[in-house]
Structure formats: C-alpha cells, structure tokens
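Listed below, chain by chain, are the residues.
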Amino acid sequence: GGGAIAADSTVRGWADEAGFIADDRANSLIQELNFQTACAQNLFLKDRYGNMQVVEFEYAGTGEVFTCFVPVQFDVDVSSLLPAGINPIRVQQLTAYFDFGTGVETTNLLPSLPLGPILQPGQTKSVSFGENLDMTSRRSYETTVDAIAATTDGRTCGVTDSDAFIAGNPTPTLSPVTSAPTSAPTTAAPVTSVPTFGPTMLPTSTPTEEPTDVPTMS
C-alpha cells in the first residue's frame, strides 16, 4: 500500500511499496508513482520518480548526509542612481533567470525586496536567491537579472545584468592507447621436413682371413 503526501514533503519510502502524491488542499490525486527502497534494487543519487528526485542520502548510524548537489546563493543589489531631492522610484519588475544548461529557472525577486519596492534617491536594497548545482558534471551556468523601475511622473527605466561561470567536477579521463598491435601474434614456423641424412657410410667389406696364430694348449 501507499500513502498520501504533500507535494513539498520529504519522502521516506516504503520497501516494495507505491507512493502517491496528493494535493492536500484539493484532496485530489495529482500524480501516482512507484518506487522501491528495498535492498533488492539499488537506489542512486539523481534517480527520478515522477517529479521527485533523489538528492541526498542520510546514514542512520551517524546522521551523516551524502549528496552531489551544492547549494549556492546569488546576491542582487538594486540601487537608485538619482540625485538627492528627486522623487523616489518604484521597482516594477525584478526577475532572475538561472540558465543551468538544460533549462532556465525563473525567480520573481520583487516580493523579497526589503521594505517594499520603493527606492529613495541614492538608496540600495539587496535581495538574494539560491540554486542547487549538480557537481557530478562540469558545465557552464549563467545568471541574468532584469529590473524595471518607474518614477512618480511615469518615466520608466530598465537594466539587465548577466554573469556566467563554470562549476562541477571534470569528467575523469582515461589514458589513451597510443598504439595497438597491427597483426595477430605469430606462432613458431611449422616443421616442413624431417632430417633425410643418417650415417653416410656403412662397412663395405667383411674380414677376409681367419686368424692364423691361434694359441695352443700343451
């Protein structure tokens, strides 16, 4: 059997069981997925089950956490460069775009501006947003922030700022093979003949005479 869980919950799986994601507010099923946490099937970081992904393991013995994702924080400063004595400006749009190579994630930063969107002349406000970087592959990332502000008399101005960087562990390289055998191993040359020689001469005669001096017995 499975269980109903909220979409933003931390899921602890059941061995050989199915999990269900439900919308608690509407009390309706929005996604059904099956996953196994028994030892019969390995579970790896970055495995996906529906819209969920395995991002870390926690060792129950010590509480140590293992993950391949690193959280990073980006700080954005928004300033009004108008001289003193000019009316304040209102920030109308403040959007961050994070390009991680296979897609772009958009974050609305306007609600996070401290004390609201109004900037006095010369004032600077700071806001931040976070992302998780996958350190198993080395890739290029790019952040872009768009800001639009307006004066009290209706004049608008906008600015775009971008920054690119590279992060992640490089892919291990194997030592290349500089040369390879060009032919198969050879075997010993086969024996094509056997020796044809033996003793070159045989005796050509036999003894012609019997011994003439035979010892006599007295």
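Residues numbered from 1 in each chain as written. Predicted model: local features only at pLDDT ≥ 70, side-chain atom pairs only at ≥ 80, totals over all residues. Heavy atoms only, no water.

### So, the overall build of the protein chain
Looking only at helices and strands, the protein chain features zero helices and 14 strands. Counted from the first residue to the last, the protein chain has its helices and strands arranged as β-β-β-β-β-β-β-β-β-β-β-β-β-β. Put simply, the protein chain has 218 residues, and 20% of those count as buried. Considering only contacts within the protein chain whose residues lie at least 6 apart along the sequence, 49% involve residues at least 24 apart. Here the protein chain displays about 16,700 Å² of accessible surface, and carbon together with sulfur accounts for 55% of that area. (Helix = DSSP H or I, 4+ residues; strand = E, 2+ residues; numbered from the N terminus. Buried < 20%, exposed > 50% of the residue type's maximum accessible area, 1.4 Å probe, protein only. Contact = heavy atoms within 4.5 Å. Areas by Shrake-Rupley, 256 points an atom, 1.4 Å probe, with all protein chains shown as cover.)

### As for the pairing of strand 10 (residues 104-108)
The pairing of strand 9 (residues 89-99) with strand 10 spans five bridges and is antiparallel. Counterpart to aspartate 99 in the pairing with strand 10 is valine 104. Between the antiparallel neighbours strand 9 and strand 10 lie four residues, among them glycine 101 with a positive phi of about 95°. (Pairing = 2+ DSSP bridges.)

### With respect to unusual backbone geometry
Leave glycine aside and you will find that most residues have negative phi; peptide bonds, for their part, are mostly trans. Of note, the phi angle at lysine 46 is positive, near 80°, even though the residue is not glycine. Position of lysine 46 relative to the elements: it lies in the loop between strand 3 (28-34) and strand 4 (48-49). Residue lysine 46 is classed as partly exposed on the basis of its relative accessible area, which comes to 32%. Even without glycine at this site, leucine 115 takes up a positive phi of about 60°.

### Some words on the nonpolar core
Counting 19 residues, the largest nonpolar core has Val76, Val78, Val91, Leu94, Leu109 and Phe129 as its most contacted members. Those elements that provide at least two residues to this core are strand 8 (69-79), strand 9, strand 12 (124-134) and strand 13 (139-151). With five residues, strand 9 is the largest single contributor of residues to this core. (Core = buried A, V, L, I, M, F, W, Y, C linked by side-chain atoms within 4.5 Å.)

### Describing the packing of aromatic side chains
Inspection of every chain in the model, using the stated rule, returns six aromatic pairs. For the ring pair tyrosine 141 and phenylalanine 165, a centre distance of 5.4 Å and an interplane angle of 20° mean the geometry is stacked. One end of the pair, tyrosine 141, is in strand 13; the other, phenylalanine 165, is in strand 14 (residues 156-167), and 24 residues separate them in sequence. Among the aromatic residues, those joined into a ring-pair cluster are Phe74, Phe98, Phe100, Phe129, Tyr141 and Phe165. (Phe/Tyr/Trp six-rings, centres within 6.5 Å; stacked < 30°, edge-to-face > 60°.)

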